[in-house]
Amino acid sequence: MTQKNMVQAINEALRLEMQRDGRVVVLGEDVGKVGGVFRVTQGLWDEFGDDRVIDTPLNEAGIIGTAIGMAAYGMRPVPEIQFADFIYPAFDQIVSEAAKYRYRSGGEYTCPMVIRTPYGGGIKGGAYHSQSPEALFIHTAGLKVVCPSNPYDAKGLLAAAIQDDDPVLFFEPKRVYRAVKMDVPDEAYTLPLGEAKVVRPGEDVTVVAWGAMLYEALSAAETVEAQGISCEVVDLRTLWPLDLESIVRSVEKTGRIVVVHEAPKACGFGAEILQLVTEQSFLHFQAPPARVTGWDTPFPYTLENEYLPLAHRIVPQLIATANY
Amino acid sequence: MRTLPPDDPTLTLFSILREDGTADPQQDAFLPRETLLAMYAQMLRIRRIDERMLGKQRQGKVGFYGTITGQEATPVATGLSLSPEDWVFPALREAAVMLVRGFPLSTWLAQVYGNEADILKGRQMPSHQSGRAVNQVAWSSCIGPQIPQAVGAAMAAKARGDRSVSVGFMGDGATSQPDFHAAMTMAGIHRPPVVLICQNNHWSISVPTEKQTASATLAVKAHAYGLRGVRVDGNDVLAVHHVVKEAVDRARDGGGPTFIESLTYRMGPHSSSDDPTRYRSQEEVETWAKRDPIARLERYLRTAEILDDATLEGLEAGIRAELDAALAEVEELGPPARATVFEDVFAALPPHLQRQQAQFLAMPPAQLAHH
Ligand SMILES: Cc1ncc(C[n+]2csc(CCOP(=O)(O)OP(=O)(O)O)c2C)c(N)n1
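All of these numbers come straight from a predicted model, not from anything done at the bench.

Visitor: I'd like a rundown of the overall build of chain A, residues and numbers included.
Guide: Within chain A, the secondary structure is distributed over twelve helices and 14 strands. Its C-alpha atoms give chain A a radius of gyration of 19 Å, near enough to 20 Å, the size a compact globule of 324 residues would have. For chain A, the C-alpha atoms occupy an extent of roughly 60 × 45 × 40 Å along the three principal directions. Residues classed as buried in chain A amount to 60% of the 324 residues present. Here the contacts in chain A between residues at least 6 apart in sequence split such that 80% fall between residues at least 24 apart.

Visitor: Talk me through the overall build of chain B; I want residue IDs and the actual numbers.
Guide: Secondary structure summary: chain B contains 13 helices and seven strands in total. Projected onto its principal axes, the C-alpha positions of chain B cover 70 × 50 × 45 Å. Within the span of chain B, comprising 371 residues, buried residues form 49% of the whole. Within chain B, contacts between residues at least 6 apart in sequence are counted, and of these 75% link residues at least 24 apart.

Visitor: Quick one: what's the story with the site of the ligand, residue by residue and with numbers?
Guide: Surveying the vicinity of the ligand reveals 21 residues, the closest of which are Phe86 of chain A together with Ile143, Gly171, Gly173 and Ser204 of chain B. Near the ligand, residues from chains A and B are present, making the site a shared one.

Visitor: Just give me the short version of the domain arrangement of chain A, but keep the residues and values in it.
Guide: All names here are of chain A. When cut into domains, chain A gives domain 1 (2-184) and domain 2 (197-322). Summarising the inter-unit geometry, the C-alpha centres of domain 1 and domain 2 are found 26 Å apart. The interface is formed by 24 residues belonging to domain 1 together with 22 residues belonging to domain 2. Counting only elements with at least two residues in the side of domain 1 that touches domain 2, the list comes to helix 6 (134-138), strand 6 (144-146), helix 7 (151-163) and strand 7 (168-173). Along the lines of polarity and charge, the residues of the side of domain 1 that touches domain 2 split into eleven nonpolar, eight polar and five charged.

Visitor: Go over the sheet that holds strand 11 (residues 231-235) of chain A with me, naming the residues and quoting the values.
Guide: All names here are of chain A. Across the sheet, which stays open at both edges, the five strands sit in the order 9-11-10-13-14 with mixed pairing between neighbours. Two strands close off the open sheet at either side, each with one partner strand: strand 9 (197-200) and strand 14 (290-294). Neighbour-to-neighbour, the strand axes of the sheet open up by a mean angle of 25°, direction not taken into account. Lying on the sheet, helix 8 (residues 213-225) is in contact with strand 9, strand 10 (205-209), strand 11 and strand 13 (257-264); it crosses strand 11 at an angle near 170°. Across the sheet, helix 9 (residues 244-254) lies against strand 9, strand 10, strand 11 and strand 13, angled at about 155° from strand 10, the strand it touches most.

Visitor: I'd like a description of the pairing of strand 3 (residues 194-200) of chain B, backed by residues and values.
Guide: Residues and elements named next belong to chain B. With seven of seven residues buried, strand 3 is to be regarded as a mostly interior element. With burial as the criterion, each face of strand 3 is covered, one bearing Val194, Leu196, Cys198 and Asn200 and the other bearing Val195, Ile197 and Gln199. Looking at chain direction, strand 2 (residues 166-171) and strand 3 are connected through six bridges and run parallel. The residue of strand 3 that forms the bridge with Gly168 is Leu196. With respect to chirality, the unit in which strand 2 leads through helix 6 (residues 178-190) into the neighbouring parallel strand 3 is right-handed.

Visitor: Any chance you could break down the pairing of strand 13 of chain A for me, citing the residues and the numbers?
Guide: Residues and elements named next belong to chain A. Among the eight residues of strand 13, eight are classified as buried, and the element is accordingly described as predominantly covered. Note: strand 10 against strand 13, three bridges, orientation parallel. Note that in strand 13 the partner of Val207 across the bridge is Val258. As defined by bridge partners, strand 13 adjoins strand 14 across five bridges and the pair is classed as parallel.

Visitor: So what's going on with the nonpolar core? Which residues, and what values?
Guide: In this structure, Val207 and Ala217 of chain A together with Val195 of chain B are the most contacted members of the largest nonpolar core, which totals 208 residues. Ignoring sequence-local partners within four residues, the contact set of Ala217 of chain A consists of Val207, Ala209, Val233, Val260 and Ile314 of chain A.

Each value, and the rule that gives it
Residues numbered from 1 in each chain as written. Chains lettered and ligands numbered in written order. Predicted model: local features only at pLDDT ≥ 70, side-chain atom pairs only at ≥ 80, totals over all residues. Helix = DSSP H or I, 4+ residues; strand = E, 2+ residues; numbered from the N terminus. Rg over C-alpha atoms; globule rule 2.2 N^0.38 Å. Buried ≥ 20, exposed ≤ 12 C-beta atoms within 10 Å, placed from the backbone. Contact = placed C-beta atoms within 7 Å. Near = placed C-beta within 6 Å. Domains from an automatic or database assignment. Nonpolar A, V, L, I, M, F, W, Y, C, P; charged D, E, K, R; others polar. Pairing = 2+ DSSP bridges. Axes fitted to C-alpha atoms, helices over the stretch in contact; angles between N-to-C directions. Right-handed = clockwise from strand over helix to strand, strands pointing away. Core = buried A, V, L, I, M, F, W, Y, C linked by C-beta atoms within 7 Å.

So this is what it looks like as structure tokens:
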């Protein structure tokens, strides 16, 4: 057990999976010698060489397209897209191809790969180094979507994603990369996909969040605690398939739910979560289901803290929901 | 299959300035003294702006900065080859073309601060300047999409019978993107007045050009698309000027598009976030330092007695004064107004954004992280 940040934890998961399974290969822009622009793949090229840690040309469609071919052939590729904002040149390969390989071949061909990509704001990345496009991939049938909030979960979830037989989008909160350190076992372990976790038990309001916004939700919960509002904070960890049961269990206790995400509001994943909970738990509601999200605008540079649903925006919503 | 002769202009390297400070007399255009001095002054100006702004980044006064050190020749030569009606679609390292074309330095610097004087309203990271006043089109951050857009603007100019030329820039990395293929294909077929310029600076962050493509050169790709292609020494401002001006004039006169590979070197880090010592040798950097485009032109100008110490001192003082004044004008300005978060999503604010904006303005302002 050693204190690790998320960059180190993900790096360790990659190394251990590559040691365990010769089919695992890493590819992407700058992932080799330099170890990635965030250093997440640092040292892998030295240990596993050019054949398993592939520095690619600047071509996201090529990265994902070749990864799909490798996966279909029997490998376990882990392509990296340098920033989630730059995933769109590969959108066709992900949405039309990876997501549908299994279905369109009657299950004969599959696409077991993990697309790792740093996402989200809070690092002064402006319009194109800050976005959170998870909903686009959840909307696409056939993709799993994972988003860890801390180093321990990141390591276990990434290992599980690599061992999973379906394509997984693995969104890494870059604001958390080096900001959080915790005890992480040195040995290999997996955490099951599709299981949310109650990270703060409470009675009055259920707050659902993931990735970097989990910390904002926790900080807001702390603030309103002083005013006598007890929040139960759920970290989704896997966004899709959704652990609806855990959310429903919490909401049927609290009667209130607030979802927090930094992606824009319109068709954001919060909308889907709230509707699914409404279908199950309508009669338990004591307040309208609510969201605190990014605005329906592109992501600004200077005013990013005005865009993000930070604690100062979550607090009034928690109070309003609790006092409804 | 046709084999290219070894002296094909896509395989050789066109240059004019020689190591010893003289120019190849066969190629020298004997440009007027003022043009030569303007080239020198503009390159020096960009170098000094970059040095000062990278320093600001290191002091924590700005959040990010991308220098173009070593690559000043191409934007300067291009800026000096264009007419006001021409359009520029920049990539990472061509924001300074605007300055060469007369865009005010203070406004350009305000973009780096993303403050209330920034005409982009603080939406983009630093080093993403654009401006309608000089037909410099806003660049996203994504590598490649502007290349077909440059072709499209040229197709529009052609359809409308205008005499404007469109220039699309890219780095070597961008030539691996599907958008490059799309642009070259469309340019070859429609033959609009476009000049596509690839600054091959040898590196795409940590990936060297030989890992970017197995092609002998980038310029040679032009042939496959039916385009005219030229490979030029990008650290030789006279050569770049010659090649770009010829391509622009030709495009304007209906002679069709050109793809230019300008071979150069990124002397500095990829950006203020990069540490190039992790992937390239100091020797390589030093070899290229000897080919510095500014020093190279300086040798020529001194040999030709166009530049002396006094002139140089005057230029430096002028640049310093301009930079000091521009910074003084914008450095301490505040952020864009909060309401701007919702502007420019659409031409007019639709109801859902009106509601969100009202909700937002009713809240106390957020703490802005320092930048
Ligand atoms: C679509 C896309 N993918 C990845 C990136 C991340 N990125 C930014 S610059 C860069 C390298 C660009 O290299 P090149 O085109 O050669 O331009 P240079 O930086 O050398 O001027 C990369 C990979 C990006 N901005 N956009």
